[in-house]
Amino acid sequence: MVFKRRAKRSYARILAEAFYPRGGWTRAFHYVRHRLHRLPDKPYRIARGVAAGVFVSFTPFFGLHFIFAALVAKLIRGNILASLLATFFGNPLTFPIIGFVSLKLGHLILGTRFDVAAHASLLSSFTSAGGELKDNFFAIFTDETAHWESLIGFFDSVFLPYLVGGIVPGIMTGVAFYYLSEPVIAAYQKRRRKKLKERFEKLKAKLHARAGKGSEGG
């Protein structure tokens, strides 16, 4: 294959790059911003997609953010690709803050106790729950026994509070990003159209000049 990697990446390398891209988060941020600006769609639709992606970043559906972002974007008639790019808002730098706010607010709304230690081990909690869910799924097709006790505890103490608590800040942040990104995208597209028009006019002038010289020579 033409685009196949020369050296296959190890699983450790893949995991490391998931938390810290090869070019760094700054380069990744500029790439996402550049792609959002150049999307061929109306500014308000792109901004709605951004809002959808940012909102979904506040949900505990890790590994499914792309799917849910696309669904939310479709629901609010936003740009789906913009929603996928905007899930970048949820990254290893922001997830600790998002997780803390969502869990604390969720426990407050549900009237349950917020365990700071549970927040400190949030990543391991989701990883462990994912592993147990996988084991229980395969237990359906084998002689193994499915165990749901720890998953129920995880749902009550982590997943549900995270889900409930992430709705309000997710909506607020998504709306804020909509109103921040829409005029920026509109201004960028207007400036880009102006530059393209200027280039077209220059090209047309050159063609006319060449045609004029050709007619004089004839």
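Analysis parameters
Counting from 1, residues in each chain are numbered in the order their sequence is written. This being a predicted model, a pLDDT of at least 70 is required before a residue's local features are given, and a value of 80 or more before pairs of side-chain atoms are given or counted; all residues contribute to the totals for chains, interfaces and linings. Hydrogens and waters are ignored; side-chain quantities use all the structure's heavy atoms. Comment: elements are numbered from the N terminus, with helices defined as DSSP H or I runs of at least four residues and strands as E runs of at least two. A 1.4 Å probe rolled over the protein chains alone gives each residue an accessible area, and that area as a share of the maximum for its type sets the label: buried under 20%, exposed over 50%, partly exposed in between. The criterion used for residue contact is that any of the two residues' heavy atoms lie within 4.5 Å.

Draft legend 1. Fine view of the side chain of histidine 65. With respect to the helices, strands and loops of the structure, histidine 65 is situated in helix 4 (residues 65–75). The class for histidine 65 is buried, based on a relative accessible area of 9%. Other than its neighbours up to four places away in sequence, histidine 65 contacts Val56, Ser57, Thr59, Thr87 and Phe95.

Draft legend 2. Main features of the environment of leucine 39. Structurally, leucine 39 can be placed in the loop between helix 2 (24–37) and helix 3 (43–56). The exposure class of leucine 39 is buried, given its relative accessible area of 6%. Each C-alpha atom of the pair leucine 39 and leucine 81 lies 8.3 Å from the other, and the pair is 42 residues apart in sequence.

Draft legend 3. Expanded view of unusual backbone geometry. Phi is positive for arginine 77, which is not a glycine, with a value near 60°. Relative to the helices and strands, arginine 77 resides in the loop between helix 4 and helix 5 (80–86). Relative accessible area serves as the criterion here: at 63%, arginine 77 is assigned to the exposed category.

Draft legend 4. Structural detail: the environment of leucine 84. Residue placement: leucine 84 occurs in helix 5. Accessibility expressed as a relative area gives 25% for leucine 84, which makes it partly exposed. Each C-alpha atom of the pair leucine 84 and phenylalanine 66 lies 5.5 Å from the other, and the pair is 18 residues apart in sequence. Excluding its chain neighbours within four sequence positions, the residues that come into contact with leucine 84 are Phe66 and Ala70.

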